[in-house]
Amino acid sequence: MPRTKTFHTPLEQRLWWGTIVAALILSFLPTRWLLGWTSEVAGVVNSVLVPFQHVASGVRTWLRPMPDPDAALPADMQAMRAQLDQARTYYKRLELERAALEERLAILERTVARSPIGERSRAVYATVVATQAPSSRSAGALITNAGSRNGVTPGMVAVWDDTTVAGRVAENVGRLGAVLVPVTALSGVQVRFVPPDGPARADGVAPTTIDKPSGILANDGHQGWTTDVTQPGEIAPGWIAVIDDERWPMSARALKIGVVDHVGPRDDAPLHRRVIVKPLVDPFRVPHVVLLDDVTDAAASGNGGAP
Amino acid sequence: MRWGVFVVFLFVAIVLDTAFMQVFAVRGIWPAATPGLVTFVALYAARGQALWAAVLAGFLVDCTSTSLAFFDGVWPYQMIGPSILGFVVGTQLVLPLRSMVIRKNPLSLGLVTALFGLIAMLVTTAIFSARGWYAGTQPPWAGNSSALGHMGNEALRAIASGAFAVLLAIPFNTSLGAFGFAGTSPWSPRR
């Protein structure tokens, strides 16, 4: 009986030999040429398989669990070892908690020490747990895990890195959390311009900035501010804008808010200087802040702390 | 042959091979289900279909086996080709044998699967040996044993796959109607 043909049409035959030649070529291609794209091809296949593989490996582990090296030990030895492991885990957890608390305490102490009113400042440590990015409808917001329960009150100043304003606490502080208005959304803040090496608050004394030119920052809608300065006095790009606003808490005075990006005469009023200020910190990337306020009689009785 | 049914069986076999079959491991050797399926198809399907089924199965096996390249760091990649060629050569061996065995006997499937696995192993080992000369490329046995040791392990694996195929023959034979092979009816000409 004559043997039937494997492939009946020439097209089928060509396709077959093309596949075999392709497999041969792929088998002997230099390895460098296979990096990247082969993983992507396999990724397509594996993306379908992975959920089923997960179930299958779960069944496999259930049927044949990994051998326990302690299984051969006597029962009391196993119990002691388990207790030891538990104690070790507990000790490690306490160590980590202590390190985190020490770090928070150091941040709080540094921030309070740099405040012009020192110990009369009230500081609350808060972690930024969520951000709402700025959009065409909103200037964005930061949400912290410290609220009225921790002593947070509206108007507190959020400080990052001991010296830089990251935002202010908005009204309606919740019990467990508060909303921060990011520094880039603040407007109408009175500032003074000091040279970059100017503010020295390490000794807890506010620098004398009264002779420096001041201005009121107006939000320019592009994550920055502009201000028109009429007073004499030098201002140059790179100078720092520090808070000098009586409506802000005393403890926030002389905190840095922005850096001078450009100084030039106003087109319509050549005697005025227009100063463009950019924020020193991107508030949406700040992981934690210290919320600062002045100690009042009401607050002194229920001071907060780290949540 | 109904390709949809084959693809479903192949999918299950690949999932089992990559995530479940280690449950049968004895001294680091465990069987594979895919060779049994490809052999079963080679015993029943038309020649062309059996060869394409081997290509598809080989492709999936290659896609689910990650190799490592060493160029300024470790790079994972997929070696697509060796299993395709191995399975095709294995199928070419099974095709002339199928007229000599009682196809419905589970032991026949087991024996032919073991032979299929041995032939496929020879092809893949030859390719990996040759690739061992390439820069940044190590064969699968590098660091553990020699090529001969690897072949010994793979031969044991082929035998284990043959033994497992004896069990697989039961669901496969039950699904003969679903596969829709030509030639499984008494009045059909054998291809």
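Being a predicted model, the structure only gives us computed values, none of them experimental.

### Let's talk about the overall build of chain B
And step 1. Of regular secondary structure, chain B possesses 7 helices and 2 strands.
And step 2. The burial tally for chain B puts 47% of its 191 residues in the buried class.
And step 3. When contacts within chain B are restricted to residue pairs at least 6 apart in sequence, long-range pairs at least 24 apart make up 67% of them.

### Some points on the overall build of chain A
And step 1. Assigned secondary structure in chain A consists of 4 helices and 12 strands.
And step 2. Out of the 307 residues in chain A, the part that is buried amounts to 27%.
And step 3. Counted over contacts in chain A with a minimum sequence separation of 6, partners at least 24 positions apart contribute 63%.

### Describing the nonpolar core
And step 1. Core analysis: the largest hydrophobic core is formed by 62 residues, its most contacted members being B:Leu37, B:Val38, B:Val41, B:Ala53, B:Ala54 and B:Ala57.
And step 2. Considering every element that reaches this core, the biggest residue donor is helix 3 (residues 47–63) of chain B, with 11 residues.
And step 3. Once you skip the residues sitting within four places of it in the chain, B:Leu37 turns out to touch B:Phe9, B:Leu10, B:Ala13 and B:Ala57.
And step 4. Ranked by size, the runner-up nonpolar core spans 45 residues in total, among them A:Tyr125, A:Val157, A:Val189 and A:Val275.

### Remarks on the interface of chain B and chain A
And step 1. On the chain A side, the residues contacting the 34 residues of chain B number 31 residues.
And step 2. Those elements that place two or more of their residues in the side of chain B that touches chain A are helix 1 (3–19), helix 3, strand 2 (74–78), helix 4 (82–97) and helix 5 (106–131) of chain B.
And step 3. Examining the composition of the side of chain B that touches chain A, we find that 6 residues originate from one element, helix 3 of chain B, more than from any other.
And step 4. Considered class by class, the residues forming the side of chain B that touches chain A number 24 nonpolar, 8 polar and 2 charged.

### Some points on helix 1 of chain B
And step 1. With 17 residues, helix 1 of chain B should cover 24 Å at 1.5 Å per step; its first-to-last C-alpha distance of 24 Å lies within 8% of that length.
And step 2. Inspection of helix 1 of chain B places B:Phe6, B:Phe9, B:Leu10, B:Ala13, B:Ile14, B:Val15, B:Leu16, B:Asp17, B:Thr18 and B:Ala19 among the buried residues, and these make up the whole buried set.
And step 3. Structurally, helix 1 of chain B contributes buried residues whose contacts are with helix 2 (37–63) of chain A together with helix 2 (34–44), helix 3 and helix 7 (176–179) of chain B.

### Some remarks on the environment of A:Ala113
Residue and element names in this part refer to chain A.
And step 1. Mapping Ala 113 onto the fold places it in helix 3 (residues 75–114).
And step 2. For Ala 113, a count of 15 C-beta atoms within 10 Å corresponds to the partly exposed category.
And step 3. Taking the C-alpha atoms as reference, Ala 113 lies 9.3 Å from Asp 162; in sequence the two are 49 residues apart.

### A word on the pairing of strand 12 (residues 288–294) of chain A
Residues and elements named next belong to chain A.
And step 1. Of all the 7 residues making up strand 12, 5 are buried; the element is thus mostly covered by neighbouring parts of the structure.
And step 2. In this structure, strand 1 (residues 121–132) lies alongside strand 12, joined through 7 bridges in antiparallel fashion. Note that in strand 12 the partner of Ala 123 across the bridge is Leu 292.

### Considering the pairing of strand 7 (residues 214–219) of chain A
Residue and element names in this part refer to chain A.
And step 1. Relative to strand 7, strand 6 (residues 189–194) runs antiparallel, the two sharing 4 bridges. Note that in strand 7 the partner of Arg 192 across the bridge is Ser 214.
And step 2. Examined bridge by bridge, strand 7 and strand 8 (residues 225–229) share 2 bridges and lie antiparallel to one another. Following the sheet pairing, Ala 218 is matched in strand 8 by Thr 226.
And step 3. Here strand 7 folds back onto strand 8 in antiparallel fashion, the turn holding 5 residues, of which Gly 221 has a positive phi close to 80 degrees.

### Considering the confidence of the model for chain B
And step 1. For chain B, mean pLDDT is 88; residues scoring 70 or higher make up 94% of the total.
And step 2. This prediction of the complex comes with two scores: 0.56 for pTM and 0.87 for ipTM.

### Observations concerning unusual backbone geometry
All names here are of chain A.
And step 1. The phi dihedral of Asn 172 is positive, around 55 degrees, even though this residue is not glycine.
And step 2. Mapped onto the secondary structure, Asn 172 falls in the loop between strand 4 (164–169) and strand 5 (178–182).
And step 3. Judged by the 9 C-beta atoms lying within 10 Å of it, Asn 172 is exposed.
And step 4. The phi torsion at Ala 254 lies on the positive side, around 70 degrees, for a residue other than glycine.
And step 5. Here Ala 254 lies in the loop between strand 9 (240–243) and strand 10 (256–265).
And step 6. On the basis of neighbour counts, which here come to 26 C-beta atoms within 10 Å, the residue Ala 254 falls in the buried class.

Thresholds applied
- Within any chain, residue numbers begin from 1 and follow the written order of that chain's sequence.
- Key to labels: chains lettered from A, ligands numbered from 1, both in the order written.
- Selection of residues for local features in this predicted model requires a pLDDT of at least 70, selection of side-chain atom pairs for listing and counting requires 80 or more, and totals for whole chains, interfaces and linings are taken over all residues.
- Per the convention used, a helix needs a DSSP run of H or I reaching at least four residues, while a strand needs a run of E reaching at least two, with both numbered from the N terminus.
- Counting other C-beta atoms within 10 Å of its own, a residue is labelled buried from 20 upward, exposed at 12 or fewer, and partly exposed in the gap between, with every C-beta atom placed from the backbone.
- A pair of residues counts as a contact when their C-beta atoms, built from backbone coordinates, are separated by no more than 7 Å.
- One nonpolar core equals one set of buried Ala, Val, Leu, Ile, Met, Phe, Trp, Tyr and Cys residues connected by C-beta atoms within 7 Å.
- The residue classification treats Ala, Val, Leu, Ile, Met, Phe, Trp, Tyr, Cys and Pro as nonpolar and Asp, Glu, Lys and Arg as charged. All others, Gly included, are polar.
- What a helix is expected to span follows from its residue count: subtract one and scale by 1.5 Å.
- Should DSSP find at least two bridges between two strands, the strands are regarded as paired.
- A score between 0 and 100, pLDDT records how confident the predictor is in each residue.

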